[in-house]
Amino acid sequence: MDRIDANLYLNLIRGGAAALAAHRQTVNDLNVFPIPDGDTGDNMYMTIQAGTRPSTSSGSGIGEMAKAVSDGMLTGARGNSGVILSRIFAGIAKGLAGQREADADAFARAMQAGVEESYHAVPEPVEGTILTVFREAVEAAAGSRDLDEYFDLLTGAMDLSLQHTPELLDVLKKAGVVDSGGAGLLYIAEGMRAALHGEAAEMPADDAPAVQKVDLDAFTEDSVLEFGYCTEFLLRLQRAKVDLETFDETVLSDWLSQNGESLVFFRDGSVIKVHVHTRTPGEILNHCQLYGEFLTVKVENMTLQHHENHMEERFRQGRKAFGVVAVASGTGLTDTFKELGADVVIEGGQTMNPPVERFLRAFDAVDADTVFVLPDNSNILLTARQAADLYDKSDIRVIPCKTLGEGYYALANLDTESGDADAIEAALTEAVSEVKTGLVSRAIRDSGTVHEGEYIGISGKDILAAGPTPEEALLALAESMGAASSDVLLVFAGAGGTHSKRLQEDLARKYPRAEVILSSGGQPVYDYILVLF
Amino acid sequence: MLTFFTDTDTDITPAVAAEYGCRLISMPYSVDAKTVYPYVDFDTFDAREFYDMLRSGVLPTTSAISKERYIEYFEPEFAAGNDILYVHFSRAMTITFNAMDEAVAELKAQYPARNFHEIDTKGITTISYTLVREIGDLLKAGKTVEEVLEWAETEVDRFAMYFFADDLKFFRRSGRVSGLAATMGTLIGIRPIIYMSQEGKMVSCGKEKGRLKAMERLVQEVADLGDGFKSHHFVIGHTDAPELAQEVGRMIRERFGDDFPIEYVVCNPTAGSHAGPNGVSVCFHAKHR
């Protein structure tokens, strides 16, 4: 490819936006700097997305198009990385101003202008962030023969630079992540490269701006304002307040950098964009109003955004003491195990035995000194033991769970308070012996008194009950498993099973001493899984 | 004159407050950013409606009231020449009392002759309800505030409250129970037993399988710790689980006889926001908490 025109430029932007959209959550999850609020992906996406619908005619040159894209991003820019991203594209627009098309050289120069503009917007640039990733990549790609080579070099260098960000920024190293803004930028560059090759950009179906995850309960009456407020606004300088011709905006940016953190600041004509973190947004706004009036204002308590789940894991100093890997199948069961505190739930069961590698990956992901493993059948138990033998980065303890109920009950009884791995393992193993699991499934062939198509109730290797419907088989199974002496009858309805009120009532009537709980397990093969304890 | 105050986090309703001439400070909760002040924004608490909302997945938040609001409650009393006794829910569970301290300090500067007394029930909901009733009875019987304060010195720690919850997700959100760190999830069928400690905090003390075992455990706590509870208020509280509460009452009767009254109380929405529906508590006079 020799040249980029207005249409292709817009396609590149859309390609970048689509690629970022697809990886927005990944980028969110990397976010630890400057504030671990887990929204970098969302912010960058909202920023670039605002540039994908420029208000310019299709016959315009690349210069006009780049300006229109940049203007869109200016109003859409949010968050630290988002605002920097908008400055990168503003710089590119300046570099392309007045041109109809751009070849590799012209585009490289425009990208260099993007580097300058982005550094200029941050009074105290921090290396190891999106700024570094962009700058190093632009430097590496300079001098390319054509645009294909340019984007190849650009994305390659970006990836390399991104991998080095933890060496430059300690907080990343501690969290064991690369810079989130840099990662977002890499996705955008890869999307642009794909668009250059003619790959159609697929924007997300909803194409709606990301909904901010705001957990109001993250800030209670007992919370301490740890991170302050992310304060962003567009300020229109007013003739009545300042002399527009002679006004030196550094007066304002200096004041802001002394009175806030993570400042991103730039002026575009009579509009000033400010992104700043502060504990006292009121003071910031009052001061800035001395110079003009606000076009837009956004103030967010960053503690609300910094979601506990995202934050805790990555800010943990080193790794955690105990972790759990469970095996289950069906969305309901997977969710249940996660809610009970399993770090990783491996999909697996009767029809799908996860390979050893799946366990090894899970152990890596848990990253704990001791990992308890809860299999859900005897084959998987063997695989888990094999994986445990192969793994030497953690102390892996495989609990001999041969049914899903055993795994469930063991996990529900997990108590790591003692800190003693042996004692915890013993307690989990003991818990396994206190639970009975039964399965209801359709007979696939005639066997003894059971006919094909009937529903059978199995516990261990024995067929204990049969019935014309799964419900009748379940009721008969419960009886022969001794439900009468159990405290809890927990029934997981399978993907094909019904979650019927009638079944719940039948069981409750039959076993008045027990608590009957019907839950959607969504597991394959088994219409019902009955867990007694 | 002495004005007796308590707050809605103690489960005291306007009707019960009226028995003691007690004034009620409303402690708010919020749903969808709308703040609701119990018995200010509504007259009667519709427990079914409120807890059904929690069952449907709505999780309200609670918030501390401001210094100004305390001043609005207290100043008219001081201005009228009355002293105040405020029997409140646990200081260890909230920061709202910092605002109250500021309000009181400000008012004391303005009304140096007036006295402000407080009794921390070191609990919330059922246990606080029981203590407010006990204190109300003493005042009604003509005890002076000094005598009541002296009584509270030892007796507050001699009311025990044990309860179980259906789903830990409500506690997890508020992070207000210690000892639950290992199992912060939804425990289907397994119920943590929680008690109110002498420090005024909720502490987990084990789990029970199934509702029946959980209810039996509450009865067992009464058997193990109970001390002269028949001559004090005996209260069973619940978060919209009247049948379970009645069943616990029946088990208590079966074990300890029917020669003492049992009172059933619905947990207020503000505390209920942190406990979730289908929980039951018992509060009784005990050897210790």
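(A) Quick peek at the overall build of chain A. Along its length, chain A carries 21 helices and 16 strands. Sorting the 533 residues of chain A into buried and exposed places 51% on the buried side. Nonlocal contacts in chain A, meaning residues at least 24 apart in sequence, comprise 70% of its contacts between residues at least 6 apart.

(B) Representation of the pairing of strand 10 (residues 190-196) of chain B. All names here are of chain B. Counting buried residues along strand 10, seven of its seven residues qualify, which places the element largely inside the surrounding structure. The alternating pattern of strand 10 places Ile190, Pro192, Ile194 and Met196 on one face and Arg191, Ile193 and Tyr195 on the opposite face, and all of these are buried. With three bridges connecting them, strand 8 (residues 159-164) and strand 10 associate as antiparallel partners. Bridge assignment links Tyr162 to a residue of strand 10, and that residue is Tyr195. Here strand 10 hands over to strand 11 (residues 202-209) after five residues, with Gly200 in that stretch at a positive phi of 80 degrees.

(C) Summary view of the confidence of the model for chain A. All names here are of chain A. Here chain A averages 85 in pLDDT, while 91% of its residues score no lower than 70. Across chain A, the element-wise mean pLDDT spans from 34 in helix 14 (residues 308-315) up to 96 in strand 10 (residues 395-398). Taken together, the stretch residues 205-213 has pLDDT below 50 and engages in eleven contacts with residues farther than four places along the chain or on a different chain. Note on residues 307-318: pLDDT is under 50 here. Beyond four places in sequence and across chains, it has 16 contacts.

(D) Quick peek at the packing of helix 3 (residues 40-49) of chain A against helix 10 (residues 180-196) of chain A. Residue and element names in this part refer to chain A. Between helix 3 and helix 10, the least distance of the axes is 9 Å, while the angle of their chain directions is 45 degrees. Classified by the angle between their axes, helix 3 and helix 10 sit oblique to one another. Remark: the crossing between helix 3 and helix 10 carries right-handed chirality. Listed contacts from helix 10 to Thr40, Gly41, Met44 and Ile48 of helix 3 are Ser180, Gly181, Gly184 and Ile188. Of the residues belonging to the contact of helix 3 with helix 10, the class tally is three nonpolar, five polar and no charged.

(E) View of the sheet that holds strand 4 (residues 261-268) of chain A. Residues and elements named next belong to chain A. Pairing is antiparallel across the open sheet formed by four strands, whose spatial order is 4-5-3-6. Either end of the sheet is taken by a strand with one partner, and the two such strands are strand 4 and strand 6 (292-301). Across the sheet, the mean angle separating the axes of adjacent strands is 10 degrees when strand polarity is ignored. Strand contacts of helix 5 (residues 80-96): strand 4 and strand 5 (271-278), with the helix running at about 30 degrees to strand 4, the strand carrying the most contacts.

Conventions and cut-offs
- Residues numbered from 1 in each chain as written.
- Chains lettered and ligands numbered in written order.
- Predicted model: local features only at pLDDT ≥ 70, side-chain atom pairs only at ≥ 80, totals over all residues.
- Helix = DSSP H or I, 4+ residues; strand = E, 2+ residues; numbered from the N terminus.
- Buried ≥ 20, exposed ≤ 12 C-beta atoms within 10 Å, placed from the backbone.
- Contact = placed C-beta atoms within 7 Å.
- Pairing = 2+ DSSP bridges.
- pLDDT = per-residue confidence, 0-100.
- Axes fitted to C-alpha atoms, helices over the stretch in contact; angles between N-to-C directions.
- Parallel < 35°, antiparallel > 145°, perpendicular 65-115°, else oblique.
- Left-handed = near helix turned anticlockwise from the far one by under 90°.
- Nonpolar A, V, L, I, M, F, W, Y, C, P; charged D, E, K, R; others polar.

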